[in-house]
Each structure stands twice: as C-alpha cells, then as structure tokens.
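Below are the chains, spelled out letter by letter.
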Amino acid sequence: MSQNIFALVDCNNFYASCEKLFRPDLAEKPVVVLSNNDGCIIARSREAKTLGIKMGLPVFQVRDLLRKHDVVAFSSNYALYADMSQRVMSTLETLAPRVEVYSIDEAFLDLTGLDFSQNLTEFGISVKHIVQKWTGITVCVGIAPSKTLAKLANHAAKTWHKTGGVVDLTNKDRQRKLLALLPVNEVWGIGGKLTKRLQQLGIDTALQLADADPNYIRQHFSVVVERTVRELNGESCIALEDIAPTKKQIISSRAFGERITDKQQMCEAISEYISRACKKLRQEQQLAKHLTVFLRTSPFSDKDAPYSASKSIELDSPSSDTRVFLAKAMLLLDGLWMNGYRYAKAGVMLADFYDPGVHQPGLFDDPIVQKDSDQALMQLMDKLNSKHADTIWFASQGSQQEWGMKRELLSPAYTTNWAQLPIVK
DNA sequence: TCTGGGGTCCTAGGACCC
DNA sequence: TCTGGGGTCCTAGGACCC
C-alpha cells in the first residue's frame, strides 16, 4: 500500500492579484479588495499586508491608514475572480490526474502512487512556474501525506520566503519541526472557540495537538477534532473529493446599500434573491422543496431596535420555477414584516433538493408535476439572461433597486465582457 | 454614517414511538 | 407521593471553512 500524498495549491492574495494583473501600474502598490457594499477588507496585496492592514476590518476603521499610504481599493469583482480561478484550476487539471477545487483560490492535488521522475519539491516548483506562466497568478504549494498537513505545508511556504513558495512535508522530522513552530489556531479546522478550549488544557502548539491522545480528544471535543489529530500525524482521514458533491442548500442574501424601511422595497429585494437562488438551482439541475426567508436589522447598531426573524415553508412538490418560489416568498414576507424597523439585510434559502423525476409524492398529495411548458419558460429566461446580462426579470424585482449594494470602486470585467477588454496601446 | 456572503458538518435535545 | 427504557428522527444552534 502506498502512502497518500496530497499537494495544496493556493493562490497568493488572490483577489488583489487578479486586480493587479490588469493594472501593471499598480504592480508595487498596496491594493485591497472590499466586501459587498464596500464594507470590509477581504483581500490585501503583499504591500498592503506589510502596512498592517488587517483582514476583515470594516473600511471606515482603516480609512485614514488607506489614505495615508495611497492604498488602492477595489469593490469585489466576482466575475473577474471566478474567471481567473477557472483558468488556474484548468491549468492544474493538466498537471495532476485528480484535482479537488476546494475554494475559489485553492485546490488539492492527489499525488498518491504517482511515479515521479523528479522529486516532490521539483514537482511543486514546476506547478508554480506553469500556473504563473499560463495565468499570471502566483501560487504556493504544500505537499504532505494528509490534507491537514498539506495545508500547514502551504502555510509554511507562504510564510517563509526562503522556501521559494514550495514545501515538501512528507518527512516526519520536518513535520514535527514545523508543527512545533505553529500555534494551534493555524491548524485547519481549529478556530477561535476550539483554540481557547485547547489552550485551557495546555495545548498551545500544533505539535501538542498532534501528540494528544485521539480518544481523549474525541471525548472532550468531537470526532472532527479527533480526525484532525490523526491527520496531523500523517494519517489521511479526509479524502480527496474530485467530484463536487451536489449542493444541499442554496442561499442568496445580501446586506443592503441603504437600510430598508419600506415594505415594497423589501419585496423587491426578496424577489431579487429568489430569482438568483432559483437560477442557481436550475444550474445545479435540482428541484427544491424547502424555502426559508429571513430578514434582520443591523447587529452592530445599538441605537436601532433589534429584530431578526425567519419563516420557512414546504412546497407540495419540489420545483425550480421562480414563479412558484416568488409567490411563496411573498406569503412568508407578509408574516415576517414589521413596520418601524430599519432593515439591514435579508435573504432566502432553498433546501431539501431532489433530482428531477425522483420525488415520491405523499399519499394524499396532488401529484403536481412540473409542466414542460413551465420548464421551457425558465430555460428560455436563463438563456436570454446569460447571453445579454439580465435582459428580463420579474416585475417584483423592481427596476431601480435603490436598496442595491454599493460597489463604487469596481474594476472592469476585463475577461468576461467584450466591451471591457483591456486595451494594449 | 459606515461592519460580507455562502457553504458544510456535528451535536444536543425534544418529539414521538413501542 | 408515585410516574421506564430505549430507539429513531428531526431541528436548532454552534462550530468550522474560504
């Protein structure tokens, strides 16, 4: 039996790098990318990190710092990042037989059983060079016998420049040396709450966690943490998932650019989210039976009266028809809406998914089948909207969308819109 | 004045059944 | 004052991830 070997390939400062790619004039400048509504810092270039701009901070708290150092800020441009991500991932798919796209900027490669004419570090270096050459994106590579260790190897590759961005952690002694250097919260799966509880037991470093008794950990925490302990010891417990599992829920939610106090506007927003969620559902080729609608005021404001509520409903039979969900959502909203609050955010969730054609109706349910004409209408709508972005929509979505999100610093859709292609002079 | 969005998994506890 | 035990299913909430 051959030992498992995983590589984690992670793009460096991904969103900020995407923005820089098309703005050579910003090559050495500090760049940050902001969350929806231009609310928080969600990505920083190397230069911005050096300035001490922290991840996740609300922009208004660092405004002076940004101005002082001439930091260039962008609204998030997901069309651009998704397209660049796809280029990176398809490059990786030419370099390894099994690839799991783990997030927009990371992928695990399964190197188990591969016969390397080169050693693993050399393989990592060649991955790095090819991705850089084909896409312009810089990556780091961590290689190890479990995913959790590969994550830490990647972290090391990012942290210590003299590694050249590639770390091979298949050697046991090297593993222990690195684990001893890292605080336990750097471990994949150990967040803030677990870190606190572990520290109370005297476990501060990754190595101390690795050396803890798995059974003891299972009793005091959970099977998840136990698995982490085993993974830290090089025992692979988390398999590579190269076939994306079908989704179990689809959420569409957003904070508003401006607070909503008017029910009509809330109807528009909910309609918009329903429309997006159902479009995603059809892309997944699934039907959903469960719908939740939720809304809330800002949890940060101590002046506004707080209110947060959600309501759910089950359809008689699964559907992917936007009109069906729109009607139900409006009923739910009637039950949720309270006058007098300043709403900051709302959203919808679809769940309880079925493959088309497999739903077993209950004994007393009307066997309502989705009519072919209904499906054709939805398909036509999706087709039109993908060809010419958002050509048609439901009247309830509103045409002004005054509550829509703020994106005042948006870069052009360089790679996905002909009209916005970069021009080389 | 201004604080993101979209997911997954696990567990505890209640409801219900025999 | 007395009022079982054990199993399953579902849901809400908490934890984590990027």
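Everything discussed here concerns the structure shown above.
Definitions and cut-offs
- Residue numbers here run from 1 along each chain, matching the order of that chain's written sequence.
- A letter from A marks each chain and a number from 1 marks each ligand, given out in the order of writing.
- Thresholds applied to this predicted model are a pLDDT of at least 70 for local features of residues and 80 or more for the giving and counting of side-chain atom pairs; totals over whole chains, interfaces and linings are not thresholded and use all residues.
- Neither water nor hydrogens contribute to the side-chain values; these are computed over all heavy atoms in the structure.
- One heavy atom within 4 Å of a molecule or strand is enough for the residue carrying it to be called near that molecule or strand.
- We define a polar contact as two N or O atoms separated by no more than 3.5 Å, with the added condition that, inside protein, one atom must be a possible hydrogen donor and the other a possible acceptor, whereas residues neighbouring each other in sequence contribute only through side-chain atom pairs.
- Only DSSP runs of H or I covering at least 4 residues are called helices, and only runs of E covering at least 2 are called strands; the numbering of each starts at the N terminus.
- Three classes are used, and their members are as follows: Ala, Val, Leu, Ile, Met, Phe, Trp, Tyr, Cys and Pro are nonpolar, Asp, Glu, Lys and Arg are charged, and the others, Gly among them, are polar.
- By the convention used here, strands pair only if DSSP detects at least 2 bridges between them.
- For helices, the fitted line uses only the C-alpha atoms of the stretch in contact; every axis is such a line through C-alpha atoms, and the angle between N-to-C directions lies from 0 to 180 degrees.
- Pairs of residues are marked as contacts when any of their non-hydrogen atoms sit within 4.5 Å.

Caption draft 1: Highlighting the protein's contact with DNA strand B. Close to DNA strand B lie 22 residues, the nearest being Asn-36, Ile-251, Ser-253, Arg-254 and Ala-255. Restricting the count to atoms of DNA strand B within 4 Å of the protein gives a sugar and phosphate share of 70%. Here a phosphate oxygen of DNA strand B and a side-chain polar atom of Lys-280 are 3.4 Å apart. Residue contributions to the surface near DNA strand B peak at 8 residues, all from strand S9 (residues 249–260). Here the surface near DNA strand B is built from residues that sort into 9 nonpolar, 6 polar and 7 charged.

Caption draft 2: Broad picture of the sheet that holds strand S11 (residues 308–319). One open sheet holds the 4 strands; their spatial order is S9-S12-S10-S11, and the pairing between them is antiparallel. Strand pairing shows two members of the sheet lacking a second neighbour, S9 and S11, which therefore form its edges. Pairs of neighbouring strands in the sheet enclose a mean axial angle of 15°, with direction left out of account. Contacting S9, strand S10 (287–297), S11 and strand S12 (343–354), helix H12 (residues 263–283) runs over the sheet at an angle of about 155° to S9. Sheet strands touched by helix H13 (residues 322–336): S10, S11 and S12. Its angle to S11, the strand with the most contacts, is close to 150°.

Caption draft 3: Region of the structure containing the protein's contact with DNA strand C. Taken together, 13 residues form the shell around DNA strand C, and within it Ser-103, Glu-106, Lys-151, Gly-191 and Leu-194 come nearest. Protein-proximal atoms of DNA strand C, defined as those within 4 Å of the protein, fall in sugar or phosphate at a share of 100%. Contact between DNA strand C and Ser-103: a sugar or linking oxygen at 2.8 Å from a side-chain N or O atom of the residue. Elements with a minimum of two residues in the surface near DNA strand C: strand S5 (98–103) and helix H8 (192–200). With 3 residues, H8 is the largest single contributor of residues to the surface near DNA strand C. Classifying every residue of the surface near DNA strand C by side-chain character gives 5 nonpolar, 4 polar and 4 charged.

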